[in-house]
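Letter by letter, the chains look like this.
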Amino acid sequence: MLDIPDEPIDWRAKGFWAPSGGGPVRGASIFDGGFTWPLLTIRESAVRANIATMAEYSARHGMDFAPHAKTTMAPQLLEMQMRAGAWGLTVATPNQALVLRRLGVPRVLIANEVLDPAALRWLAAEVAAGWEVWFQVDSVAGAEAAAAAARGHGRLRVLVELGHAGGRTGVRDLGEMEAVARAVSGAEGVELSGVTGYEGQLSDEPSVDAFLDQLAAGVRRLGSAGLLPPRPIVSAGGSAWFDRVTARLAGQDLGQLILRSGASVTHDDGFYREKTPFNRVPAEGPLHAAMEMWAQIISTPEPGLALAGMGKRDAPFDEGLPVVLEPATGLTVTKLNDHHCYLRVDPGVPVRPGDLIRFGLSHPCTAFDKWRHIPLVDDERRLVDVLDTYL
């Protein structure tokens, strides 16, 4: 479906051991010498189960799904999501949108503001060539920048974004939302397609519900003012609160509801394990952690301390430290340096240099961005494919 380049593996690929060129063949075990440590792997069975779960969840609740591609930026995983019925894919930047355009993704949401004139002119030209792409505006300046870029180049489709106090981008109230919507409507070459918001930074269910109710009110207000098309796009939904998006927005006949949860494709053993909506609605799930990091113990310099050969350049640490999965008890990650992982060793737990440890990770977005090539493996840790990542 997608136009995925075939990238060879050689000595430049982290985690692959190919000093003479030529990477491991499909079916090779990660333990047979074609790989070295540390090594990030992705379990295919967990990924496929997660993709199916989110596709079924969205369809069951009458929503389209445009999962956030920035989580992985791995074409093979994006193709799996498209084949499972994704309406389109979401990105965070024009550069990521360019990647998806080159891969052949037919519909893209840019869940961010775009003000770079060069990127805006390129987007306008691609829309004129038939590509379906939308981006967000939260200011009159954003509407004016889009109009200036569209002049002589094509037409741009935008979504006015609602934000919240202390959050990221987005207008802070409905009066400001209407002012931006009117600026878009009055801008030649710019089309207002709907309303969007991101609830993921809110910390509790009441605040999430209040934000989503305000988003719905904004859609109705702009619709009553004649500023929206008959069936506008209404988009929300990170990976922590998509059940509340369903509860507050689905079934209201607001328009085309698009969910864009991205971290669900691999889930994790940390932040999203704790935050997944399927903890609140278990009958709708579950999701499975697909990421595994493998690293050797390289030193046991004093009692109660072991060092593994894995660090900040290999594993995410922004939403929690890695956790030890195997052995199941007795080792706890306490901190990371660039290339070292500090482990507290419980009394009586045998650990020695050379032992191979399996770690679970927290936050897929900042795991994928550290690895250019990632083995996709079966449940026996045999190579199924090599995932390439972009940007």
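Enquirer: Break down unusual backbone geometry for me, citing the residues and quoting the values.
Expert: Going from Trp37 to Pro38, the amide bond is cis rather than trans, its omega being 5°. The residue Pro38 is located in the segment before β1 (39-43) in this model. Note the cis peptide between Gly285 and Pro286, where omega equals 5°. Assignment of secondary structure puts Pro286 in the loop between α9 (271-275) and β10 (291-302). A positive phi is found at Met73, a non-glycine position, where the angle reads about 45°. With respect to the element layout, Met73 can be found in the loop between β2 (64-65) and α2 (75-83). On the accessibility criterion, Met73 (3% relative accessible area) is buried.

Enquirer: Which residues make up the pairing of strand β17 (residues 383-388), and what values do they have?
Expert: Where strand β16 (residues 373-377) meets β17, 5 bridges bridge the pair, whose relative direction is antiparallel. Note that in β17 the partner of Val377 across the bridge is Leu383. Following β16, the chain reverses through 5 residues before pairing antiparallel with β17; Arg381 in that reversal takes a positive phi of roughly 60°.

Enquirer: For the pattern of salt bridges, give the residues involved together with the corresponding values.
Expert: A complete count under the given rule lists 25 salt bridges for this structure. Residue Arg60 is joined to Glu284 by a salt bridge in which the shortest nitrogen-to-oxygen separation is 2.6 Å. In this pair, Arg60 is assigned in helix α1 (residues 44-60) and Glu284 in the loop between α9 and β10, connecting sequence segments 224 residues apart. The partly exposed category is assigned to Arg60, whose relative accessible area is 46%.

Cut-offs and rules
- Residues numbered from 1 in each chain as written.
- Predicted model: local features only at pLDDT ≥ 70, side-chain atom pairs only at ≥ 80, totals over all residues.
- Heavy atoms only, no water.
- Helix = DSSP H or I, 4+ residues; strand = E, 2+ residues; numbered from the N terminus.
- Buried < 20%, exposed > 50% of the residue type's maximum accessible area, 1.4 Å probe, protein only.
- Pairing = 2+ DSSP bridges.
- Salt bridge = Lys/Arg side-chain N within 4 Å of Asp/Glu carboxyl O.

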